Amino acid sequence: QVHFVESGGGLVQPGGSLRLSCAASGNICSIYAMGWYRQAPGKQRELVATITSGGATNYADAVKGRSTISRDNAAKTMYLPMNSLKPDDPAVYYCNANYRTRIAGPVYSYWGQGPQVTVSS
């Protein structure tokens, strides 16, 4: 079986920081691209940042310069620290991970339940 655990959401003051984590465990052979997406009430889900297994990254303009996505392949964990949080940042943040459970097997795509991030003084 495969398990993912997301953590790090919560209430942060404007200008504050937090770090989201998405950790995988279980019968995983390889994890390919991973990323964070977010969805605010009344809005569509949008990309925040992605990272390939080789470490190539991509960011939404809204978080460039405020966030550095990273991953520890050995620990099967992805991190997203976010700094200088703004009123536009509150949303449910979803972990996405694409993985195989066996060599040459199908690629599965995991979507998490999403930690809530709230920015308020």
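Residues numbered from 1 in each chain as written. Predicted model: local features only at pLDDT ≥ 70, side-chain atom pairs only at ≥ 80, totals over all residues. Heavy atoms only, no water.

Draft legend 1. Spotlight on the overall build of the chain. For the chain, the helix and strand inventory stands at zero helices and eleven strands. Ordered by position in the sequence, the α and β elements of the chain form the string β-β-β-β-β-β-β-β-β-β-β. Taking 2.2 N^0.38 as the reference for a compact globule, 121 residues should give roughly 14 Å; the C-alpha atoms of the chain span a radius of gyration of 14 Å, in line with that estimate. For the chain, buried positions account for 40% of its 121 residues. In the chain, of all internal contacts separated by at least 6 residues, the share reaching a separation of at least 24 is 54%. Within the structure as shown, the chain displays about 6,400 Å² of accessible surface, and the carbon and sulfur contribution to it stands at 48%. Looking at charge distribution, the chain has the averaged site of its 11 positive side-chain charges lying 7 Å from that of its 6 negative ones. (Helix = DSSP H or I, 4+ residues; strand = E, 2+ residues; numbered from the N terminus. Rg over C-alpha atoms; globule rule 2.2 N^0.38 Å. Buried < 20%, exposed > 50% of the residue type's maximum accessible area, 1.4 Å probe, protein only. Contact = heavy atoms within 4.5 Å. Areas by Shrake-Rupley, 256 points an atom, 1.4 Å probe, with all protein chains shown as cover. Lys, Arg positive; Asp, Glu negative; His and termini not counted. Charge placed at Lys NZ, Arg CZ, Asp CG, Glu CD.)

Draft legend 2. Local environment of the state of the cysteines. The tally for this structure, following the rule as stated, stands at one disulfide. Put simply, C22 and C95 are joined by a disulfide, and their sulfur atoms are 2.0 Å apart. Between C22 and C95, the S-S dihedral sits near -70°, and the bridge is therefore left-handed. Placement of the pair is C22 in strand β3 (residues 18-26) and C95 in strand β9 (residues 91-100), with a sequence separation of 73 residues. Free of any disulfide, C29 has its nearest cysteine sulfur in C22, 18 Å distant. (Disulfide = S-S within 2.5 Å.)

Draft legend 3. Molecular detail of the packing of aromatic side chains. Evaluation of the coordinates by the stated rule reveals four aromatic pairs. Through a chain of ring-to-ring contacts, three or more aromatic side chains come together here, namely F4, Y99, Y108 and Y110. (Phe/Tyr/Trp six-rings, centres within 6.5 Å; stacked < 30°, edge-to-face > 60°.)

Draft legend 4. Layout of the environment of F4. With respect to the element layout, F4 can be found in strand β1 (residues 2-7). As a C-alpha pair, F4 and G112 span 108 residues in sequence and 7.5 Å in three-dimensional space. Residues within four places of F4 in sequence aside, it is in contact with C22, A23, A24, I28, A97, Y99 and Y110.

Don't take any of this as a statement about function, it's just geometry.
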